[in-house]
Amino acid sequence: MSAPSPADRPVVTRIAPSPTGMMHIGTARAALYNWLYARHCGGTFLLRIEDTDRERSTQPAVQVILDGLEWLGLHPDAPPVFQHANAERHREVVQHMLEIGRAYRCYMTVEELEVEREKARAEGRAIRSPWRDREPPAGANQPFVVRFRGPLEGETIVDDLIKGPVRFMNKELDDLVLLRSDGAPTYNLAVVVDDHDMGITHVIRGDDHLSNAARQSLIFEALGWARPAFGHMPMIHGPDGKKLSKRHGAQAVSEFADMGYLPEAMRNYLARLGWGHGDDEIFSDEQAIAWFDVADVVSSPARLDWDKLGFINNHYLRQADDGRLFDMVRDVHAGRGVHLHETALPALARAVPLVKEGAKTLLDLADLTVFTLKARPLELDARTQGLLTEETRARLSRLRDSLADASDWSVPTLNALLRAFAEGEGVGLGKFGPALRGVLSGGAPAPDLASTLCALGDAESLGRIDDALSQLR
RNA sequence: GGUCCCUUCGUCUAUCGGUUAGGACACCAGAUUUUCAAUCUGGGAAGAGGGGUUCGACUCCCCUAGGGACUGCCA
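About the criteria used
- Residues numbered from 1 in each chain as written.
- Chains lettered and ligands numbered in written order.
- Predicted model: local features only at pLDDT ≥ 70, side-chain atom pairs only at ≥ 80, totals over all residues.
- Heavy atoms only, no water.
- 1 Å grid on protein atoms, 1.4 Å probe; cavity = no way out; pocket = protein on both sides within 12 Å on 5 of 7 lines; lining within 4 Å.
- Points joined across faces, edges and corners; volume = space filled by probe spheres on them.
- Helix = DSSP H or I, 4+ residues; strand = E, 2+ residues; numbered from the N terminus.
- Nonpolar A, V, L, I, M, F, W, Y, C, P; charged D, E, K, R; others polar.
- Near = heavy atom within 4 Å.
- Polar contact = N/O pair within 3.5 Å; in protein donor to acceptor, adjacent residues only side chain to side chain.
- pLDDT = per-residue confidence, 0-100.
- Buried < 20%, exposed > 50% of the residue type's maximum accessible area, 1.4 Å probe, protein only.
- Pairing = 2+ DSSP bridges.
- Right-handed = clockwise from strand over helix to strand, strands pointing away.
- Phe/Tyr/Trp six-rings, centres within 6.5 Å; stacked < 30°, edge-to-face > 60°.
- Lys NZ or Arg CZ within 6 Å of the ring centre and 35° of its normal.
- Axes fitted to C-alpha atoms, helices over the stretch in contact; angles between N-to-C directions.
- Parallel < 35°, antiparallel > 145°, perpendicular 65-115°, else oblique.
- Left-handed = near helix turned anticlockwise from the far one by under 90°.
- Contact = heavy atoms within 4.5 Å.

Caption draft 1: Just the layout of surface pockets, in detail. Here the largest pocket defines a volume of roughly 1100 Å³. If you go around the largest pocket, you meet 38 residues; those closest to its centre are P17, S18, T27, D208 and H209. Secondary structure elements with two or more residues in the lining of the largest pocket: β1 (12-15), α1 (25-41), α5 (187-197) and β9 (202-206). Of the residues forming the lining of the largest pocket, the biggest block, 5 residues, is contributed by α1. Taken together, the residues that form the lining of the largest pocket break down as 16 nonpolar, 13 polar and 9 charged.

Caption draft 2: Main features of unusual backbone geometry. At the junction of R376 and P377, the peptide bond is cis and its omega measures out at -10° in the coordinates. Among the structural elements, P377 can be located in the loop between α13 (362-369) and α14 (382-387).

Caption draft 3: Quick look at the protein's contact with RNA strand B. Around RNA strand B, 57 residues are found, and the nearest of them are R56, K163, R180, R437 and A446. Counting only the atoms of RNA strand B that lie within 4 Å of the protein, the sugar and phosphate share comes to 67%. Measuring from a sugar or linking oxygen of RNA strand B, one finds a backbone N or O atom of D208 at 3.3 Å. Here the surface near RNA strand B is built from residues that sort into 17 nonpolar, 12 polar and 28 charged.

Caption draft 4: Looking closely at the confidence of the model for chain A. Per-residue pLDDT for chain A averages 92, and the proportion of residues at 70 or more is 97%. Mean pLDDT values for the elements of chain A range from 89 in helix α4 (residues 110-123) up to 98 in β1.

Caption draft 5: Main features of the pairing of strand β2 (residues 44-49). Most of β2 sits inside the fold, with 5 of its 6 residues counted as buried. Across 4 bridges, β1 lies against β2 in parallel orientation. Among the inter-strand pairings, T13 is bridged to a residue of β2, identified as F45. As for the winding sense of the linkage, the β-α-β connection from β1 through α1 to β2 is right-handed. Across 2 bridges, the pairing between β2 and strand β3 (residues 81-82) is parallel.

Caption draft 6: Main features of the packing of aromatic side chains. Evaluated as defined, the whole model comprises 10 aromatic pairs. Taking 6.2 Å as the distance between ring centres and 55° as the angle between the ring planes, the aromatic pair formed by F256 and Y261 counts as tilted. When its relative accessible area of 0% is taken as the criterion, F256 is described as buried. Each member of the aromatic cluster is reached from another via a ring pair, and the members are Y33, W275, F283, W291 and F292. Here the guanidinium or amino end of R134 rests over the ring plane of W131, the centre of that ring lying 4.7 Å away.

Caption draft 7: View of the packing of helix α17 (residues 433-441) against helix α18 (residues 449-456). Following both chains from N to C, one finds α17 and α18 inclined at 25°, their axes separated by 10 Å at the closest point. In terms of orientation, α17 lies roughly parallel with respect to α18. Where α17 crosses over α18, the two elements pack in a sense that is left-handed. Touching G433, L436, R437 and L440 of α17 are L449, T452, L453 and L456, all from α18. For the contact of α17 with α18, the residue count by class is 5 nonpolar, 2 polar and 1 charged.

Now the structure itself:
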């Protein structure tokens, strides 16, 4: 390895997702780690869309990735590179490899390949094409693929930043296809050429690519190009330790967004999942950037823990700007088909900061604020109806009068008023609190009484009490 | 089948040859209490198994077991 080391150049990282129609949470974590590392080193973070498989790559599928990164707040430092656009360059490189003898045309038919594959597997060796050492068929223009002429001896060591040195026997690595029979470049070739052309210094990706790193290393060497540094991070598993899939609740970035998780919470959680800085659990982007190093990434797979994600999300929900939260919760309600009365919106806005401590997601936040959006007269649930005895109704009526006289409609004042009222009645809050709660919320979840009253506002609160008292008369 | 990766409380992790193996989430108990939460206090909980190396191993080596990835004219 005489080529100059990429380690001497400014850091350039990238993520290279293929547009499949969804952005896997593992891709999101790879993006985060690449982003963190680039930022940490003062380097550049790039995005390359691996769309060499023309059948699967569609514009909407590309958009999903762009949207996912946008939502996560991980912005590439340059417009995305579309791999397919480099196809001509890829073919040129293959042509060059053909000329220097590091590639050859293989005329095996799919059937022959099938047979050879079976044989190789049975013998426990890598697949080889007979065309590796054979002259092309005379004057024929049969279809062919171009294969890499890999070394039969020696070993390839991938000095992985995360896994440490990993050695592969070259004879175990097969002669992979570089160019398909239709002339289209394949993934392993395109990756090498593009990573080289883009000046990528650090390839940080899922460890499902670890063995590809060996194959790609061979191509880098054949071309006389310096290899980037590799860091293969373990994959994210479901809570049961199996590969994360739909049945675990979610696997796409968009699903986490729909479930009401905040992007900053996802960043914190994903960073902590498989990487750590001492005992720090909650940290800002700035801290993560300052502390992050690929070499510190844990080498064993991690399981997604919904409870911890919820805990982290709750933390960021508490910190989030209430105006921003209001907008997002309003959208959740709208998405659920809840009618948003103009007049109820201020109540919703007031309720958000009062209940967000108890919410793990925006969906929870919506559940906890739906009481503000109910239209008068509220339909009372059975439990509340049962609580409204003669005695309690009389008491609520007296409470209503004293509420109407409240000096101001704030949580502290209302709290004091409620306590004073209870004392004046010679009973505990438990004697009428649940009933009042039911009357105000209609049985929906609501925060403590003073907060509920405050959120609803004086007119709405008194109105709901009046409704209930007259309704049951 | 072959090659490669992984293995500390239920979960995420700290430890980088010498610690009562620490923290967080979750869990349990108690406090609080106007629902659900939140909050406060306390508690239980771990080095997969077996061999080595060493004065001394969770830390280093080997074997076994279990989990995972790759083995495509997919990426």
